[in-house]
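# Secondary and tertiary structure notes
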Amino acid sequence: MSKNTVLTLVGSLRAESTNQKLAEAIQLNAPEQVDVVIHESLGNIPFYNEDIDVEGQVPAAAAALRAAANEADTLLLVTPEYNGTLPAALKNAIDWLSRPYGAGALTGKPTAVVGSAFGQFGGVWAQDEARKAVGIAGAQVLEDAKLAVPGSLVRFAELHPKDDAEVVEQIKGVFDVITAAQPAAQPAA
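Bear in mind that the values here come from a model prediction, so they are computed numbers and not experimental data.

## Overview of the overall build of the protein chain
Helix and strand counts for the protein chain come out as six helices and six strands. Going from the N terminus to the C terminus, the protein chain shows its helices and strands as β-α-β-α-β-α-β-α-β-β-α-α. Whereas a compact globule of 189 residues would reach a radius of gyration of roughly 16 Å, the protein chain reaches 16 Å, a difference of no more than 12%. With the C-alpha coordinates of the protein chain rotated into their principal frame, the extents come out at 45 × 40 × 25 Å. Taken across its 189 residues, the protein chain has 48% of its residues classed as buried. Taking the intrachain contacts of the protein chain between residues at least 6 apart in sequence as the baseline, contacts between residues at least 24 apart amount to 78%. Only carbon and sulfur atoms are counted for the fraction: they give 52% of the accessible area of the protein chain, which is about 9400 Å².

## Thoughts on the packing of aromatic side chains
Enumeration over the complete set of coordinates arrives at one aromatic pair. An angle of 75° between the planes, with centres 4.8 Å apart, marks the rings of Tyr48 and Trp96 as edge-to-face. With Tyr48 in the loop between strand S2 (34–39) and helix H2 (60–71) and Trp96 in helix H3 (residues 88–97), this pair connects stretches of sequence that are 48 residues apart.

## Focus on the environment of Ala137
Along the chain, Ala137 turns up in the loop between helix H4 (124–136) and strand S5 (140–141). In this structure, Ala137 is in contact with Ile94, Ser98, Leu106 and Thr107, ignoring residues within four places of it in sequence.

## Overview of the packing of helix H1 (residues 18–28) against helix H6 (residues 165–180)
Axis separation between H1 and H6 bottoms out at 10 Å; the angle between their running directions is 65°. Considered as vectors, H1 and H6 are oriented roughly perpendicular to each other. Here H1 and H6 pass one another in a crossing that is right-handed. Across the interface between the two elements, Leu22, Ala25 and Ile26 from H1 touch Val167, Ile171 and Phe175 from H6.

## Describing H2
A rise of 1.5 Å per residue sets the reference length of H2, with its 12 residues, at 16 Å; its end C-alpha atoms lie 16 Å apart and thus fit the reference within 8%. If you check which residues of H2 are buried, you get Ala61, Ala62, Leu65, Arg66 and Ala69. Along the axis of H2, the buried residues cluster in a sector spanning 140°; they form a single face. Exposed and oriented more than 90 degrees from the buried face of H2 are Ala60, Asn70 and Glu71.

What counts and how
Residues numbered from 1 in each chain as written. Predicted model: local features only at pLDDT ≥ 70, side-chain atom pairs only at ≥ 80, totals over all residues. Heavy atoms only, no water. Helix = DSSP H or I, 4+ residues; strand = E, 2+ residues; numbered from the N terminus. Rg over C-alpha atoms; globule rule 2.2 N^0.38 Å. Buried < 20%, exposed > 50% of the residue type's maximum accessible area, 1.4 Å probe, protein only. Contact = heavy atoms within 4.5 Å. Areas by Shrake-Rupley, 256 points an atom, 1.4 Å probe, with all protein chains shown as cover. Phe/Tyr/Trp six-rings, centres within 6.5 Å; stacked < 30°, edge-to-face > 60°. Axes fitted to C-alpha atoms, helices over the stretch in contact; angles between N-to-C directions. Parallel < 35°, antiparallel > 145°, perpendicular 65-115°, else oblique. Left-handed = near helix turned anticlockwise from the far one by under 90°. Expected span 1.5 Å × (residues − 1). Arc of directions from axis to C-beta.

These values are about where atoms sit, not about what they do.
What follows is the structure, given as structure tokens:
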């Protein structure tokens, strides 16, 4: 049986972000049949501009993101909450993956959204906005995959999410949804 590849995009660009640590915990707790790949270069991708999204001229970082998403079976977005919504770097990645319209790397791709935030609700607004954006972009949003960790700066100040039993249990629930997902049928060309 081949492994299910889950491409993970972390919305925070900070090296020590709680969402980066959450992505690492997800990677460490993946079932044997799942390979979690954390994409490292969202900060290097220029803002989406149709003028530079031209065959043969797509910036290398954007092309690498598209290739990784095309190769993945599932996408997992791990997002903090910035001013009540998702970070620009993550939204920009969604924009690049949504093109070309109707045939982008997100089209029909099972996609889950999780995250952590300092606030008391764990970034659910940002997660909802990310689900909305990827859904409009054509992804198959896995609505039942839920994980929102509140108070993350305090909670993970001295404890890595991989060592938090409650978070690890919730990660297992996310994988239950991811591993059950099947890509949506693609429309005939």
